[in-house]
Amino acid sequence: VLRRSLTLQRNDWWGLEGGRVAEVVFVLLAPHRGFEAALPAETREELAKEADGAFANFPNYRTVFQGSDLTALTRRQANLLAAQAEFSINEHASSFRDVLSRAS
């Protein structure tokens, strides 16, 4: 999670004047050892199997053919990804609260 103040650039095509400053919080998918350490033992064991496990490529699942369906993730894969997102957002809640409180 990375927070930055960025100056908007002028864009005639979209009618943007530029010059205003925007607060942005970027959330990138990457392994998070703190999250993984907090998981149940069964889930950690499955993650440890890497390419041979149910969570191969976690958290950067393939956009196609991660499993047998063209684009679908299994429920377990989707839930694990959602849990990591929740963990990261909770870990950096103050940044999100601050940025979102300025948006109104």
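I will try to describe carefully the structure that is included in this document. Residue positions within a chain follow its written sequence, with the count starting from 1. pLDDT decides what is reported in this predicted model: residues at 70 or higher carry local features, side-chain atom pairs at 80 or more are listed and counted, and totals for whole chains, interfaces and linings draw on all residues regardless. Values shown for side chains rest on all heavy atoms present in the structure; no hydrogens or waters enter the calculation.

As a further point, take the overall build of the protein chain. Tallying secondary structure elements over the protein chain gives four helices and two strands in all. In this description the radius of gyration comes from C-alpha coordinates, and the expected globular size is given by 2.2 Å times residues to the power 0.38. Over its C-alpha trace the protein chain gives a radius of gyration of 18 Å, far above what one expects of a compact globule, namely 13 Å for 104 residues. In terms of its C-alpha atoms, the protein chain occupies a principal-axis envelope of roughly 50 × 30 × 20 Å. Summary of the burial criterion: residues with accessible area below 20% of their type's maximum are buried, those above 50% are exposed, and those between are partly exposed, where the area comes from a 1.4 Å probe applied to protein chains only. For the protein chain, the residues scored as buried account for 22% of the 104 residues in total. In what follows, residue pairs with any heavy atoms lying within 4.5 Å of each other are defined as contacts. If you take every contact in the protein chain between residues at least 6 apart in sequence, the share linking residues at least 24 apart comes to 38%. Total accessible area on the protein chain stands at roughly 8,000 Å², and carbon and sulfur atoms take up 53% of it. Between the averaged position of the 12 positive side-chain charges in the protein chain and that of its 13 negative side-chain charges there is a distance of 4 Å. Helix numbers and strand numbers start at the N terminus; a helix is a DSSP run of H or I with at least 4 residues, a strand a run of E with at least 2. Here the Shrake-Rupley method, with its probe set to 1.4 Å, supplies the accessible areas, and only the displayed protein chains count as covering residues. Positive charges come from Lys and Arg alone, negative charges from Asp and Glu alone, with His and the N- and C-terminal ends not counted. Taken as the charge location is NZ of Lys, CZ of Arg, CG of Asp or CD of Glu.

Another point: the packing of aromatic side chains. Any two of the Phe, Tyr and Trp rings considered here, Trp counted by its six-membered ring, make a pair once their centres fall within 6.5 Å; the pair's planes then place it as stacked at under 30 degrees, edge-to-face at over 60, or tilted in between. Within the structure shown, the criterion is met by three aromatic pairs. Joined through ring pairs, the aromatic side chains of Phe35, Phe58, Tyr61 and Phe87 make up one cluster.

Across the junction of phenylalanine 58 and proline 59, the peptide omega takes the value 0°, indicating a cis bond. Along the chain, the position of proline 59 falls in the loop between helix H2 (41-48) and helix H3 (75-91). One non-glycine residue, asparagine 57, lies in the positive phi region at around 75°. Mapping asparagine 57 onto the fold places it in the loop between H2 and H3.

These figures capture arrangement, not role.
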